[in-house]
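Observations on chain architecture
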6 protein chains.
Amino acid sequence: MKKIALFPGSFDPFTCGHEDIVLRGIKLFDSIIIAIGYNSSKDGRYFKIEYTIEKIKETFADYSQIQVISYAKLTAELASDHGANYILRGLRNTTDFEYENSISQVNNYLNKKLESIFLITSPEFASFNSSIIREVHRYGGDISHFVPYKL
Amino acid sequence: MKKIALFPGSFDPFTCGHEDIVLRGIKLFDSIIIAIGYNSSKDGRYFKIEYTIEKIKETFADYSQIQVISYAKLTAELASDHGANYILRGLRNTTDFEYENSISQVNNYLNKKLESIFLITSPEFASFNSSIIREVHRYGGDISHFVPYKL
Amino acid sequence: MKKIALFPGSFDPFTCGHEDIVLRGIKLFDSIIIAIGYNSSKDGRYFKIEYTIEKIKETFADYSQIQVISYAKLTAELASDHGANYILRGLRNTTDFEYENSISQVNNYLNKKLESIFLITSPEFASFNSSIIREVHRYGGDISHFVPYKL
Amino acid sequence: MKKIALFPGSFDPFTCGHEDIVLRGIKLFDSIIIAIGYNSSKDGRYFKIEYTIEKIKETFADYSQIQVISYAKLTAELASDHGANYILRGLRNTTDFEYENSISQVNNYLNKKLESIFLITSPEFASFNSSIIREVHRYGGDISHFVPYKL
Amino acid sequence: MKKIALFPGSFDPFTCGHEDIVLRGIKLFDSIIIAIGYNSSKDGRYFKIEYTIEKIKETFADYSQIQVISYAKLTAELASDHGANYILRGLRNTTDFEYENSISQVNNYLNKKLESIFLITSPEFASFNSSIIREVHRYGGDISHFVPYKL
Amino acid sequence: MKKIALFPGSFDPFTCGHEDIVLRGIKLFDSIIIAIGYNSSKDGRYFKIEYTIEKIKETFADYSQIQVISYAKLTAELASDHGANYILRGLRNTTDFEYENSISQVNNYLNKKLESIFLITSPEFASFNSSIIREVHRYGGDISHFVPYKL
C-alpha cells in the first residue's frame, strides 16, 4: 500500500519552515498532499489562496510526488478522500506540541486509520511563524528570508 | 460551612472533559454551580446558551447538588453572590496551566476568600477542546464522542 | 465520610511553599497527613528525617487536624492505610505539572478511589525549590526566608 | 555608544508588571523608549492610546531617561529610527517564552544589530495580563491593584 | 531503499507506551530495531538487560520485522551500522519534547542522513514513565498494567 | 558605576551556545566574569576544571574585559565579592526558563542588588547541551562542532 501523507495547514504564507518539513517528509512517504485549509466563514486570508497554491506549486515543481490542493472540510475526511493514512506536521516548540497533541487525538477519533507523524522543525526555521510574517509584510518589511519562493 | 464550588467556563460546547471534572469534583464539594460565562459584547456563541444550559442540566439530572446557570459578570463576584469559596477547574496541559495560573491569581486578588482547586483532566479526555469540537461540527463531523449528552 | 488528604513529599526541607499548600488545603479537607517519603535505599537526605518531622510538627502545632508521618511504601497504599481518598499537591510551574500529571495517573491506576487535588503555589513561594535551598544551605547561605520554622 | 532600549508592547493597559520591567531595566540602559504599538487596521484598543501614553508618562515622570511614544511600523525599523540596539521584554511564563523566542529571532533577521534582552517578571506581577485586566474592567471590577497609575 | 528505524531507549522497563509507539510505527517502516542503550559505566539497571531483551522479543514475537538489540555506543553510529536512516521516538509531554528536540538535533549533526520521526504517545499511556514504574515495583506494587508482557 | 556581569555555570564543557551568550552579552556590560561553579562534594566533572578554564580563556583571549574564574560558594555571594550586580544567563527552551525562573528569584532573595539578565540562545546553538555533549565524547564521537575551542 502506498504511503500517502496529508500536510494540512492554512499556510498564510507557506514558510521555509513548512518547506523544511515537506522536504524532510518526502523521503518517508510515497507522496505528500499539501492541503490548504480554507474557511470561507472566517476572516479572509492575508495572501490570496490561488496565489499561495501557485507559489507552493512553484516551490515543489521538481517533485512530481508532491501535490497542492485547497479544502474546506474536515481534515480527517479529506484524508479518506485521498487515501491518505498519514498526517505530517512540524513541531516548532511546546505551544505547537500542546496544540498538535489535541488535534491529532481528535483526528484519530474521527478516522481510526489516520496516524499523525511529527518532525521537529529545523532550528533555523523554528521561529518562522505565519502570523508574525504577515505582520512584517503588512508594515512593508522584507519577508523574502522567510518564504521559499519569490514573492 | 458548606463547601460550594463554581465551575465557570464558556462551555461552547460542554465536553466529556468538563463532565469528568464535575463528576470527580462533586465528591469533594457539597455543591457545584456550573456557570456559563456569557459575554454579550463578544462574537456570538456557536451553540446557543439556552440549549447548552438545557443539555448540561440533562447530563446531571441525577445530581441535585449540581446547578447550571449563566452569568455576565466577574467570576469573583459571582462566587460571592452564591457563597462559593471555591473555583473548580480542570487542567489538560501546560497551556491550560499557564492560563489558569494567571486567572486564579487575579481572582484571588479580587476576592481574597476564593480558592481555586484543580483536577488534571483524565487522559482520555485531555485532547477534548471546545474550539476544535466546534470546528468538527461546523464541517458536519460527528461530535457525539466528545460531548456527554445527545445532540 | 471524612475527607482525609495525604500531602506526600520528600520535604528536604519543608518550605514556605509547602506550608502555603497545607494552610490553603486544610480549609478543604477534614484532616491532612503530611507524609515524608523516606527511601532507605537512596542517597541520604540532607536534613535528617526526625529533625524535619519535628520542625513540621512545630509549624502546625496549632492544627490538631494536621498530622506528620514518614513512610517507605507506595503512596497509593499509604493512602489506603489511612483512609485517605485524596492526595494534595502544589503546582509551581509547567515542569511540576508534567511530573504531577504522570504520578497522579499512576496513583489512580494503583488505587481507583484516590483523587489528586492541586493548588497552584502562591506566586511569592513558587520559586522555592528544596534542591536549590539545600544548595544555599550547603554554602552557608541564610535559608530562614525559605522555611516556615526556625532552623 | 549610548545604550538605548525599546520596550515595545500594546500596553492595553500598561500594568504593574510592565512597570516592574522598566524600573529594573533602567539600571541597565542609558534610556528606555516605551513604544506603544498601534495598529489602525485592527480592532480598536480598550483604553485609548492618548490616555495610555499620558498615564505611562505620569508613571515615569521622575525619570528623564524614559520616553513614551506610539508607533505603527515594524519594531525593528522603529529601533533603527531611534538608534536603539536593544529590545527589552519581560517573561512571565513559558507561553511568553515561546512567543518571545519567535519574535526576537524575526526581529534579529530584520535588523542584525538588534539584541533582545529579557527580565523575568517579578513573581508578584507575573499573573498580570492585560487581556484579563481588560475583562475585569469591562465588568466594573477594581483594577487599581494591577496598574501603576490612578485610573 | 528499505526504511529502517531505530527505536532507542533504556527501556528499564519497556512499557505499554513504548509498545504503542512500536506498533504504530511499524506501519510506517519496513523494519524497526528496538535498541536498548546500555551504559556500563553508569549505575546498574533495575531490570536486567538480558531479561528486558527477552521480554521485548516475546512482546513482538509475531513481528519478524522487529528486532531487539542492546548497544553501548553513539546512537548516531549504531544507526549507520544498521543502515537505519530513521530514529523513531514517542512524545508524551512538553518535557519530552524539549529533551527530544535537543537530542535529535545533536544526532543530526553527528549523522546528517539520520531523520528523527515522532509519534505522540496515545493518551492512555502518556503517563507511563519507566522511573515511576520502577518505584512502584521497588515497593512491591503491581506493575502488570504498565508493561505489555508477563513479568 | 561599572556594569559587571557574572556568567555562572558548570560549563562541563563550555559550548558554542555559552560562547554565543558571552559574545552577545559583552556589548551590554563593561565586563563579564565567566564563573565555573565547582562543587568538590559532588561527583567529579567530566572535563577537568583547569583544562576548562584554560580553554575558555583561549576562546576569549582577545577580550580583556572577559575573565574566567572558578568558585565554590553561593553565586549571590560571589557576585558581591566581585562587585557584579548582574547575572547573565542564556535561555534555550521552556525547561531552562522554569529552572532559571526559580534560581533567579532565589538569587534575588539572597542579594537584593542582583539582577538576572537573559538572552535567548541563538537557534543554531539551542540544542547544545553539556550533558548530551559529554555522552557523545564518552563514546568517542566528534564534539568539535559543539565547543568553540580546539579540544
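Within each chain, residue numbers correspond to sequence positions counted from 1 in written order. Note on labels: chains are lettered from A, ligands numbered from 1, in written order. Residues qualify for local features only when their pLDDT is at least 70, as the model is predicted, and side-chain atom pairs are given and counted only at 80 or more; totals for whole chains, interfaces and linings, by contrast, use all residues. Think of the side-chain values as coming from all heavy atoms in the structure, minus any hydrogens and water.

**Some details on the overall build of chain A**
The helix and strand labels rest on DSSP assignments: H or I over at least four residues marks a helix, E over at least two residues marks a strand, and numbering proceeds from the N terminus. Broken down by element type, chain A carries five helices and five strands. The C-alpha radius of gyration of chain A comes to 15 Å, within 12% of the 15 Å expected for a compact globule of 151 residues. Considering only C-alpha atoms, chain A reaches an extent of 45 × 30 × 30 Å along its principal axes. The rule is simple: take the accessible area with a 1.4 Å probe, protein chains only, and divide by the maximum for that residue type; under 20% is buried, over 50% is exposed, in between is partly exposed. Within the span of chain A, comprising 151 residues, buried residues form 60% of the whole. Contacts are assigned to residue pairs with any non-hydrogen atoms lying within 4.5 Å of each other. Restricting the contact set of chain A to residue pairs at least 6 apart, pairs at least 24 apart contribute 78%. Computed with a 1.4 Å probe, the accessible areas rest on the Shrake-Rupley method; for each residue, only the protein chains presented here act as cover. Element-wise, carbon and sulfur atoms account for 47% of the exposed surface of chain A, whose accessible area totals about 6,400 Å². Positive charges are assigned to Lys and Arg, negative charges to Asp and Glu, while His and the chain termini are left out of the count. Every charge is mapped to an atom, namely NZ of Lys, CZ of Arg, CG of Asp or CD of Glu. Side chains of chain A carry 17 positive and 18 negative charges; the gap between the two charge centres is 3 Å. Values of the radius of gyration come from C-alpha atoms, whereas the globule rule sets the reference at 2.2 Å times the count of residues to the power 0.38.

**A look at the pattern of salt bridges**
For salt bridges, the criterion is a side-chain nitrogen of Lys or Arg within 4 Å of an Asp or Glu carboxyl oxygen. Per the counting criterion, the structure on display carries 48 salt bridges over all chains. With a closest N to O distance of 2.6 Å, Arg-89 of chain A and Glu-100 of chain A form a salt bridge. Here Arg-89 of chain A is found in strand 4 (residues 86–91), whereas its partner Glu-100 of chain A is found in helix 4 (residues 94–110), with 11 residues between them in sequence. Classification of Glu-100 of chain A by relative accessible area gives buried; the value is 3%. Here Asp-20 of chain B ties to Arg-24 of chain B by a salt bridge, and the two come within 3.0 Å at their closest N and O atoms. In this pair, Asp-20 of chain B and Arg-24 of chain B are both assigned in helix 1 (residues 16–25), four residues apart and thus about one turn of the helix distant. Residue Asp-20 of chain B shares its accessibility class with Arg-24 of chain B, and that shared class is buried. One continuous salt-bridge network, built from bridges that share partners, spans Asp-20 and Arg-24 of chain A together with Glu-115 of chain E.

**Points about the interface of chain E and chain A**
The partner chain A presents 24 residues to the 24 residues of chain E that form the contact. Using a 1.4 Å probe, buried area is obtained as the accessible area two parts lose upon being combined, added over both of them. Between chain E and chain A the total buried area reaches about 2,000 Å² when both faces are included, carbon and sulfur atoms providing 65% of it. By the criterion of area lost to chain A, the three top residues of chain E are Leu-28, Phe-97 and Ile-120 of chain E, representing 31% of everything that side buries. Between Arg-24 of chain A and Glu-115 of chain E there is a salt bridge, and its shortest N-O distance comes to 2.7 Å. A 3.5 Å cut-off defines polar contacts: any pair of N or O atoms within that distance qualifies, except that in protein one atom must be a possible hydrogen donor and the other a possible acceptor, and neighbouring residues in sequence count only when both atoms are side-chain atoms. Applying the counting criterion to the chain E and chain A interface returns five residue pairs in polar contact (both at pLDDT 80 or more). Every element with two or more residues in the side of chain E that touches chain A is listed here: strand 4 (86–91), helix 4 (94–110) and strand 5 (115–120) of chain E. Amino acids are sorted into nonpolar (Ala, Val, Leu, Ile, Met, Phe, Trp, Tyr, Cys and Pro), charged (Asp, Glu, Lys and Arg) and polar (every other residue, Gly among them). Within the side of chain E that touches chain A, the residues separate by chemical class into 10 nonpolar, seven polar and seven charged.

**Some details on the packing of aromatic side chains**
Two aromatic rings are characterised by how far apart their centres lie and by the angle between their planes. Aromatic contacts are taken between Phe, Tyr and Trp rings whose centres are within 6.5 Å, Trp giving its six-membered ring; a plane angle under 30 degrees counts as stacked, one over 60 as edge-to-face, and the others as tilted. Following the criterion strictly, the structure yields 69 aromatic pairs over all chains and no others. On the numbers, 6.2 Å between centres and 75 degrees between planes, the contact of Phe-60 of chain A with Tyr-63 of chain A is edge-to-face. A relative accessible area of 3% places Phe-60 of chain A in the buried class. Residue class for Tyr-63 of chain A comes out partly exposed when judged on its relative accessible area of 31%. Residues Phe-7 of chain C and Phe-11 of chain C carry aromatic rings whose centres are separated by 5.3 Å and whose planes lie at 35 degrees to one another, so their mutual orientation is tilted. Comparing Phe-7 of chain C with Phe-11 of chain C shows no difference in burial state: the two are buried. Chaining the aromatic ring pairs together yields one cluster made of Phe-7, Phe-11, Phe-14, Phe-60 and Tyr-63 of chain A.

**A closer look at the relation of the copies chain A and chain B**
In this comparison the copies share one frame, found by least squares on the C-alpha atoms of residues holding pLDDT of at least 70 in both. The operation relating chain A to chain B is a screw motion whose rotation component is 120 degrees, with 0.0 Å of axial translation and a residual RMSD of 0.0 Å. Such values leave the two copies arranged in the relation of a three-fold axis. For chain A, the residue whose C-alpha comes nearest the rotation axis is Thr-95 of chain A, separated from it by 4.1 Å.

**Structural notes on the pairing of strand 5 of chain E**
Residue and element names in this part refer to chain E. Extensive coverage of strand 5 is indicated by the burial of six of its six residues. Residues of strand 5 alternate between two faces, with Glu-115, Ile-117 and Leu-119 on one and Ser-116, Phe-118 and Ile-120 on the opposite face, all of them buried. In the sheet, strand 4 pairs with strand 5 via six bridges, with the strands oriented parallel. In the strand pairing of strand 5, Arg-89 is matched with Phe-118. Assessed by its sense of winding, the connection that carries the chain from strand 4 through helix 4 to strand 5 is right-handed. Think of it this way: DSSP has to see at least two bridges between two strands before they count as a pair. Looking down the strands as they point away from you, a crossover is right-handed if its path from the first strand over the helix to the second goes clockwise.

**Digging into the relation of the copies chain E and chain A**
Mapping chain E onto chain A is achieved by rotating through 180 degrees and translating by 0.0 Å along the same axis, at an RMSD of 0.0 Å. Considering both components of the superposition, the chain copies are consistent with a two-fold axis. The rotation axis passes nearest to the C-alpha of Phe-118 of chain E in chain E, at a distance of 2.4 Å. A shared interface surface links the copies, since 100% of the contact residues of chain E are contact residues in chain A too.

**So, the interface of chain A and chain B**
Taken together, the contacts link 16 residues of chain A with 16 residues of chain B. In total, about 1,300 Å² of surface goes out of reach between chain A and chain B, with carbon and sulfur atoms giving 63% of it. Here chain A is connected to chain B by zero salt bridges. Summed over the shared surface of chain A and chain B, the number is two residue pairs in polar contact (both at pLDDT 80 or more). For the side of chain A that touches chain B, the element with the highest residue contribution is helix 4 of chain A, accounting for nine residues.

**Considering the confidence of the model for chain A**
The pLDDT averaged across chain A works out to 96; a share of 97% of its residues lies at or above 70. The ipTM, which scores confidence in the relative placement of chains, is 0.95 for this predicted complex, and the corresponding pTM is 0.96. Known as pLDDT, the predictor's confidence for each residue is given on a scale from 0 to 100.

**Looking at the packing of helix 4 of chain A against helix 4 of chain E**
Orientation is described by lines fitted to C-alpha atoms, with helices fitted over the stretch in contact, and by angles between N-to-C directions that extend from 0 to 180 degrees. With their axes 10 Å apart at the nearest point, helix 4 of chain A and helix 4 of chain E run at an angle of 125 degrees to one another. The pairing of helix 4 of chain A with helix 4 of chain E is recorded here as oblique in orientation. In the packing of helix 4 of chain A onto helix 4 of chain E, the handedness of the crossing is right-handed. Residue-level contacts link Thr-94, Phe-97 and Glu-98 of chain A of helix 4 of chain A to Thr-94, Phe-97 and Glu-98 of chain E of helix 4 of chain E. Of the residues contributing to the contact of helix 4 of chain A with helix 4 of chain E, the split by class is two nonpolar, two polar and two charged. Angle categories are assigned with fixed cut-offs, so that under 35 degrees is roughly parallel, over 145 is roughly antiparallel, 65 to 115 is roughly perpendicular, and the rest are oblique. For any helix crossing, the convention is left-handed if the near helix is rotated counterclockwise from the far helix by under a right angle, and right-handed if that rotation is clockwise.

**Let's talk about the pairing of strand 4 of chain E**
All names here are of chain E. Counting buried positions over the six residues of strand 4 gives five, a clear majority of the element. Judged from the two bridges that link them, strand 1 (residues 4–9) and strand 4 form a sheet pairing that is parallel. What sits directly across from Leu-6, in strand 4, is Ile-87.

**Notes on the environment of Ile-4 of chain B**
All names here are of chain B. Residue position: Ile-4 is located in strand 1 (residues 4–9). Taking the C-alpha atoms as reference points, Ile-4 and Ala-61, 57 residues apart in sequence, are found 18 Å from one another. With residues near it in sequence (within four places) discarded, Ile-4 still touches Ser-31, Ile-33, His-82, Gly-83, Ala-84, Asn-85 and Tyr-86.

**Structural notes on unusual backbone geometry**
Outside of glycine, negative phi angles account for most residues, and trans bonds account for most peptide bonds. Omega for the bond connecting Asp-12 of chain C with Pro-13 of chain C falls within 30 degrees of zero, at 10 degrees, which places this linkage in the cis form. One non-glycine residue, Phe-11 of chain B, lies in the positive phi region at around 50 degrees. Inspection of the secondary structure puts Phe-11 of chain B in the loop between strand 1 and helix 1.

**Overview of the side chain of Ser-102 of chain E**
Mapping Ser-102 of chain E onto the fold places it in helix 4. The contact partners of Ser-102 of chain E, leaving out residues within four places of it in the chain, are Ala-126, Ser-127 and Ile-132 of chain F.

**Some thoughts on helix 1 (residues 16–25) of chain F**
Along helix 1 of chain F, eight of the 10 residues are buried, which leaves the element largely enclosed by surrounding structure. Near the N-terminus of helix 1 of chain F, the side chain that reaches the backbone nitrogen of Gly-17 of chain F, with its oxygen 3.1 Å away, is that of Thr-15 of chain F.

**Focus: the side chain of Asp-96 of chain B**
Residue and element names in this part refer to chain B. Mapped onto the fold, Asp-96 is located in helix 4 (residues 94–110). A residue is classified by how much of its surface remains accessible, and Asp-96, at 12% relative accessible area, is buried. A distance of 2.9 Å separates a polar atom in the side chain of Asp-96 from a polar atom in the side chain of Arg-92. Here Asp-96 is in contact with Gly-90 and Leu-91, once residues within four sequence places are set aside.

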